[in-house]
Amino acid sequence: MTSSPAVSRVLDVEAIRKEFPILHQQVNGRDLVYFDNAATSQKPLVVINALMDYYTGYNANIHRGIHTLAEKATKAYEDTRHTARAFINARSEQEIIFTRGVTESLNLVASSYGRAFLKAGDEIVISGLEHHSNIVPWQIVCEATGATLRVIPILENGELDMEAYKKLLSPRTKVVSVNHASNSLGTINPVKEIIALAHAAGAVAVIDGAQTGAHVAIDVQDLDCDFYCLSSHKMYGPTGTGLLYGKRELLEKMPPYQAGGEMIKDVTFPKTTYNDLPYKFEAGTPNIADVVAYKYAMDFILGLGRENIAAHEHALLTYATERVSALKGVRLIGTAAQKVGVVSFGVEGIHHFDIGQMLDSRGIAVRTGHHCTQPLMDCFKIEGTVRASFAVYNTKKEIDQLVEGLERIINFMK
Amino acid sequence: MNIEETQDAITEEFSLLDGDREMAVFYLMELGQKLPEMPEADKTEENVVKGCQSKVWLSGQTEDGKVYFTADSNTAITKGLVSLLVRIFNGQTPDAILHADLTFMNRIGMERFIGTQRSNGFGAMIKQMKLYALAFKTKMQVKS
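For clarity, every value in this text was computed on a predicted model and none was experimentally measured. (Residues numbered from 1 in each chain as written. Chains lettered and ligands numbered in written order. Predicted model: local features only at pLDDT ≥ 70, side-chain atom pairs only at ≥ 80, totals over all residues. Heavy atoms only, no water.)

What follows covers the sheet that holds strand β13 (residues 330–332) of chain A. Sheet strands associate in pairs through backbone hydrogen bonding, adopting either a parallel or an antiparallel arrangement. Residues and elements named next belong to chain A. Here four strands make up an open sheet; going across it, the order is β13-β14-β17-β16 and the pairing antiparallel. The open sheet has two free edges, formed respectively by β13 and β16 (367–369), since each of these has just one partner strand. On average, adjacent strands in this sheet sit at an angle of 30 degrees to one another, irrespective of strand direction. Where β16 lies against strand β17 (residues 385–389), three bridges are found, and the strand directions are antiparallel. Following the sheet pairing, Arg 367 is matched in β17 by Arg 387. (Pairing = 2+ DSSP bridges. Helix = DSSP H or I, 4+ residues; strand = E, 2+ residues; numbered from the N terminus. Axes fitted to C-alpha atoms, helices over the stretch in contact; angles between N-to-C directions.)

Structure (structure tokens):
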């Protein structure tokens, strides 16, 4: 295998890299290698410029103002909703609710849907691969309603045990909430099948798409999920925003999550009527600037083509898996057949913190620790892993640099 | 060597690394490897230093009025860090440890190459060592 930086026949990765100013810097005396994309991706100039344009050109509060700037800001904000609808193929823009990101989206569903429709004896099914943000909100709902949490176990390779999942389902199952891809291991879950099984049992299906938004094409109608959650900052967009997709008929019957301006139709002291979707769930002045810029991030992804991005990242994943697993003492954690660009591993006799620090001293950014998935780490009987996660701007040459850094520390410690 | 002299020596050694972070990290790990082994029996939950992200065990005792620490960590870099403190404080009186003003971290720019989290953990180790010194001092005063 060659070490040429461009691995895709379609994407010009060197040209893409030029769109990301942050990548062109030295960290600790070496060219930055950014492999912490599962935590947050870097931002292209179109996104940075969109923020700049908003604040220098048309910052105003949205929806209620009649002046020109308010009109412009409102249009830009709603343009993002328009793009988001197409991005995930929702039926209507009313099904797109802007939130602070996946964490808030999951909390919204757990709190609003969960408290309104769950009762003692009901069951919520999550999986052993979940991020704490898809565990704790449901635990809180369980405490409030008397529902219980059931967990789909995982197999040794980091895939979900689908047979066990089928056995967990029963008429008591009211919610199934799983991630589309695992942040710790990269496993892509068979969500379409998971959703169909959930529906057959009479449950609603919630999908955490934090790790798929920038990497996998998403079609909520094809998946037939009831809710889908995205974070902008993991999709080349700004931090602090994201979305919740919900089927309209479900969103209609759910009570508001937060109350304030924007989410109301009429307020009198005896009674308040709520605004229509999606505004019922967007109380207060939203994160306008970041939502506006989020559109440019989605357009950036669509412009490159999700299939092309996936092909490039898959090539990186294959190359990294091959090279890293060949190193002495390395144990790969998560070897599912279908994965996004995440390589998680441990090295025998060397603590992951030491590896992380050592790589950082060579300008390589990886994540070390439990990745907010402590139950998953317990399952593998480890404290944490070193995780390298890839984005469209990463190259094979950077993987070579990672391997070189790992070789140095492994040789030193032996 | 007194505490000041050891701090000067450490500062001198690190200045040879010329600010190269990778070399500094390797040097710390090397120092950690040279730290005398801590008896397994001393690696108790009680001896774990609270406030460190890595696991650090620390135990102290006195001999002829001087304090001696043993320590270990589950991470190599942190073991190197605690070894610096063991080197500075071992063989000193409780009073000297209590009143020690540790300046070498700033002088070698340690926070730059170990990061804020580890620096906080390092502060917790120093505090723990000073608490040992205070306890030993109190014990000696009661005896005398």
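Counting residues at the interface gives 17 residues for chain B and 15 residues for chain A. Counting each side, the surface lost to burial between chain B and chain A is near 1,400 Å², with a carbon and sulfur contribution of 56%. By the criterion of area lost to chain A, the three top residues of chain B are Arg 21, Glu 22 and Phe 26 of chain B, representing 42% of everything that side buries. Put simply, chain B and chain A have four salt bridges between them. Glu 22 of chain B serves as the salt-bridge partner of Arg 362 of chain A, at 2.5 Å between the closest nitrogen and oxygen. Between the two partners, chain B and chain A, sit eight residue pairs in polar contact (both at pLDDT 80 or more). Take the side of chain B that touches chain A: its biggest share by element is seven residues, from helix α2 (residues 21–34) of chain B. Class assignment for the residues of the side of chain B that touches chain A results in seven nonpolar, six polar and four charged. (Contact = heavy atoms within 4.5 Å. Buried area = accessible area lost by both parts, 1.4 Å probe. Salt bridge = Lys/Arg side-chain N within 4 Å of Asp/Glu carboxyl O. Polar contact = N/O pair within 3.5 Å; in protein donor to acceptor, adjacent residues only side chain to side chain. Nonpolar A, V, L, I, M, F, W, Y, C, P; charged D, E, K, R; others polar.)

Overall, the coordinates contain 31 salt bridges over all chains when judged by the stated rule. For Glu 123 of chain A, the salt bridge is made with Arg 150 of chain A, and the minimal N-O distance between the two is 3.3 Å. Residue Glu 123 of chain A is found in strand β5 (residues 123–127), and its partner Arg 150 of chain A is found in strand β6 (residues 148–152); the two are separated by 27 residues along the sequence. Judged by its relative accessible area of 6%, Glu 123 of chain A falls in the buried class. On the basis of relative accessible area, Arg 150 of chain A is assigned to the partly exposed category, the value being 31%. We note a salt bridge from Asp 72 of chain B to Lys 43 of chain B, for which the minimum N-O separation is 2.7 Å. In this pair, Asp 72 of chain B is assigned in strand β2 (residues 66–73) and Lys 43 of chain B in the loop between α2 and β1 (56–63), connecting sequence segments 29 residues apart. According to the relative accessible area criterion, Asp 72 of chain B is buried, its value standing at 9%. Taken together, the salt bridges that share partners define one network made up of Arg 30, Arg 362, Glu 404 and Arg 408 of chain A together with Glu 22 of chain B. (Buried < 20%, exposed > 50% of the residue type's maximum accessible area, 1.4 Å probe, protein only.)

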